[in-house]
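# A structural walkthrough
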Amino acid sequence: MTDWTDPETFAAALDRADTREKGRYFEDFDEGAVIEHAPGLRLTRHGSETWMSQTLNHDPAYWRSDAALDRGFDAPPVHPDYLLACVMGPSVEDLSEKGGYFLGRDGVEFHRHGVPLGTELRVESTVETTRPSSSRPGYGVVTWETRGIDAASGEPLVSYERTNMVPRREPAATDGGRSGSTGDDESGPSLLPETLVAPDGGAFEDFRRALDEAADRDAAVAYRHERGRTTDEFTVAALPLATLNTARQHHNAAAMADSPSGEPVAYGDVTRSTALGHARSDERTYRELGYDGERFHDFVTAGDTVFGFTRVLDADGSAGPSRAGEVTFEHVAFTDDERPVYSGVRRALVDREGA
Ligand SMILES: C/C(=C\C(=O)O)C(=O)SCCNC(=O)CCNC(=O)[C@H](O)C(C)(C)COP(=O)(O)OP(=O)(O)OC[C@H]1O[C@@H](n2cnc3c(N)ncnc32)[C@H](O)[C@@H]1OP(=O)(O)O
C-alpha cells in the first residue's frame, strides 16, 4: 500500500496535485458588480479593547462608562479604527486574498457615531474601477466601494473606497519589486516652510491659535508625537486575523518569502491606527468624522517602530456642536529609519477649552 506521507512520495504528490485557489484575479472584477461578502463579524468588547490597547488608542470614552456618557454615548462604543478594520477584514477573501498591496483608501465616512458593542456586521462592495497597472505588468489596480452595515437593522455604519494592486491571472515576467527610494528627492527640505509651529495643547483653540500664528508667514503647523510602537508578531498577524482579514501578507511567512519584503508585513490599518493613536493622545478628540487620501507608501515589518507626525490643515469653529470645533489634520506614520509608510487626511471634532 502506498504510504502517502513518505517524504519522497508526498513531494511527488504535491508536485502533481492541483491547488484549490482562494481569492480573485484582476480579470474577475467587472465594474459595477456588487459583491456580498459571506463572512460577517460581531463587534466585540474583547476585539475592540485588544485593538485599542495594542495600537495605543487609550481614549477613556471607549473604555469607561462615565467618560463615554460625557462624550454623548450611552456606553463605551466600539472604537472607530476597530470598526473600520472589521468592515475591511471580511471583504479581503473576495477582494484581495490573491495578494497585491493595499494602496489607499478615500472617502471614509461614519454614518453613525458610537456603534454599540455586540453589533453584528454585514459587508458588501461594489467594483468601481479596474485598470491594468502600467508599472507592473503582473498586476491591475482595482477600486471598490465597501459598506459596513448593521446586519440587524440594515443601517449603514461606515463606507469607503479602497484601492489595491491585484494580481492578473496571466502574470507577466516582473512584479516590479519594491518601490524603494529613487534618489529623486524632489520634495526635499528646501521646499518646507521656514518655521514649523506646534500647538500648545490639544484643545480646539490650541490648533486654531497655532494656525493663526503660522498664517501670513513662511510657516506651517506640524509636529511629531513622542510615542512609538514596535511592530511585533502579534500586531502583524493577530490583529488582522481577529478581523477575518485573510490577506496572506500578514500571516503566511512561506508565501511572503519570495515577496519584496521577504516576510509578513503589517496590516495597513494597524500601522495607521497606531500613528493616529499617537496623534489622538496629544489632542482632545470629541468625535472622529472621516478620512481621505489615505496612502500606504511602503510596507512595515516586525521590528519596525511606528511613530506619528501631524500637520494641522484647518480648524473650523463654525462646524460641530458648541463644545467642539472641526480640525482637519494630515497624519503621517513613519518608521524609526524615517520612512513615511502611511499618510492621510483626518477630520475630527476636537473639544474646546473647558468642554
Ligand atoms: C489589508 C492589506 C492587503 C489587502 O488589502 O488584502 C494590507 O494591509 S497590505 C499592507 C499595507 N500596504 C502596504 O504595505 C503597501 C505599501 N506600499 C508599497 O510598498 C508601495 O507603495 C508599492 C510597492 C505598493 C507601490 O510602490 P510604487 O511603485 O512606488 O507606487 P506607485 O508607482 O505610486 O504606484 C503603483 C501603481 O499604483 C497606482 N496607485 C497607487 N496608489 C493608488 C491609489 N491610492 N489609487 C489608485 N491608484 C494608485 C499608481 O497610480 C501606480 O499605477 P501604475 O502601475 O499604473 O503606474
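Keep in mind that what you see is a predicted model, and the values were worked out from it rather than measured.

## Brief notes about the layout of surface pockets
The volume enclosed by the second largest pocket comes to roughly 920 Å³. Residue lining of the second largest pocket: 42 residues in total, with G99, G100, Y101, Y139 and Q249 positioned closest to the centre. Among the secondary structure elements, those contributing two or more residues to the lining of the second largest pocket are α4 (80-95), β2 (102-110), β5 (156-167), α7 (248-251), α8 (253-256) and α9 (268-280). Looking at which element gives the most residues to the lining of the second largest pocket, the answer is β5, with four residues. For the lining of the second largest pocket, a count of residues per class yields 20 nonpolar, 13 polar and nine charged.

## Concerning the site of the ligand
Not every one of the 31 residues close to the ligand is listed here, only the nearest: S96, R131, S133, S135 and R162. Between S135 and the ligand, the recorded distance is 2.5 Å, taken from a side-chain N or O atom to an oxygen atom. Contact with the protein chains removes 79% of the 1100 Å² of surface that the ligand exposes when unbound. Only α4, β2, β5, α7 and β8 (285-296) provide two or more residues apiece to the shell around the ligand. No other element matches the four residues that β5 contributes to the shell around the ligand. The residue inventory of the shell around the ligand, partitioned by class, reads 13 nonpolar, 13 polar and five charged.

## Concerning the pairing of β2
In terms of strand pairing, β2 meets β5 through six bridges, oriented antiparallel. Looking at β5, one finds that F110 is bridged to V158. Strand direction decides the pairing type here: β2 and β8, joined by four bridges, are antiparallel. Note that in β8 the partner of E109 across the bridge is G290.

## Regarding the pattern of salt bridges
Two side chains that carry opposite charge are able to pair once their charged atoms sit near each other. All told, the structure shown has 34 salt bridges when counted by the stated rule. In this structure, the salt-bridge partner of E294 is R105, at a minimum N-O distance of 2.9 Å. Taken together, the residues E294 in strand β8 and R105 in strand β2 connect sequence positions 189 residues apart. Taking the relative accessible area as the measure of exposure, R105 reaches 0% and is therefore buried. One salt bridge in this structure joins D106 and R295, with 3.3 Å as the shortest N-O distance. Residue D106 is found in strand β2, and its partner R295 is found in strand β8; the two are separated by 189 residues along the sequence.

## Some remarks on the domain arrangement of the protein
When its domains are assigned, the protein resolves into domain 1 (21-173) and domain 2 (190-231 + 266-355). Between the C-alpha centres of domain 1 and domain 2 the distance comes to 22 Å. At the interface, 27 residues of domain 1 touch 27 residues of domain 2. For the pairing of domain 1 and domain 2, the buried interface totals around 2300 Å² over both sides, and the portion due to carbon and sulfur atoms is 45%. By the criterion of area lost to domain 2, the three top residues of domain 1 are L56, R71 and R105, representing 24% of everything that side buries. Counting every contact that joins domain 1 to domain 2 gives six salt bridges. For R272, the salt bridge is made with D81, and the minimal N-O distance between the two is 3.3 Å. Counting across the interface, domain 1 meets domain 2 through 19 residue pairs in polar contact (both at pLDDT 80 or more). Secondary structure elements with two or more residues in the side of domain 1 that touches domain 2: α2 (45-54), α4 and β2. Here the side of domain 1 that touches domain 2 takes nine residues from β2, the largest share from any one element. Split by residue class, the side of domain 1 that touches domain 2 holds twelve nonpolar, eight polar and seven charged.

Scoring rules and cut-offs
- Along each chain, residue indices are assigned from 1 in the same order as the chain's sequence is written.
- Given that this is a predicted model, residues contribute local features only at a pLDDT of at least 70 and side-chain atom pairs are listed and counted only at 80 or more, while totals for whole chains, interfaces and linings are drawn from all residues.
- As a rule here, side-chain values cover all heavy atoms of the structure and leave hydrogens and water aside.
- Using a 1 Å grid laid over the protein atoms alone, points where a 1.4 Å probe fits but cannot get out form a cavity; open sets with protein on both sides within 12 Å along at least 5 of 7 lines form a pocket; any residue with an atom within 4 Å of a point counts as lining.
- Grid points are joined across faces, edges and corners, and a volume is the space filled by probe spheres set on the points.
- Helix and strand assignments come from DSSP, with helices taken as H or I runs of at least 4 residues and strands as E runs of at least 2, each series counted from the N terminus.
- Each residue receives one of three labels: charged for Asp, Glu, Lys and Arg, nonpolar for Ala, Val, Leu, Ile, Met, Phe, Trp, Tyr, Cys and Pro, and polar for the others, Gly being one of them.
- When we say a residue is near a molecule or strand, we mean one of its heavy atoms is within 4 Å of it.
- Any pair of N or O atoms that falls within 3.5 Å is considered a polar contact. Within protein, one atom must be able to donate a hydrogen and the other to accept it, and sequence-neighbouring residues count only if both atoms are side-chain atoms.
- Exposure was quantified through the Shrake-Rupley algorithm and a 1.4 Å probe, taking into account, for residues, occlusion by the shown protein chains and nothing else.
- Two strands are said to pair when DSSP picks up at least two bridges between them.
- Take a side-chain nitrogen of Lys or Arg and a carboxyl oxygen of Asp or Glu: if they are within 4 Å of each other, that pair is a salt bridge.
- Burial classification: accessible surface area is computed with a 1.4 Å probe over protein chains only, and a residue below 20% of its type maximum counts as buried, one above 50% as exposed, and the rest as partly exposed.
- Each domain's limits were defined by an automated method or a database of domain assignments.
- In this description, contact between two residues means that some pair of their heavy atoms is separated by no more than 4.5 Å.
- Computed with a 1.4 Å rolling probe, the buried area is the accessible surface lost when two parts are put together, summed over both parts.

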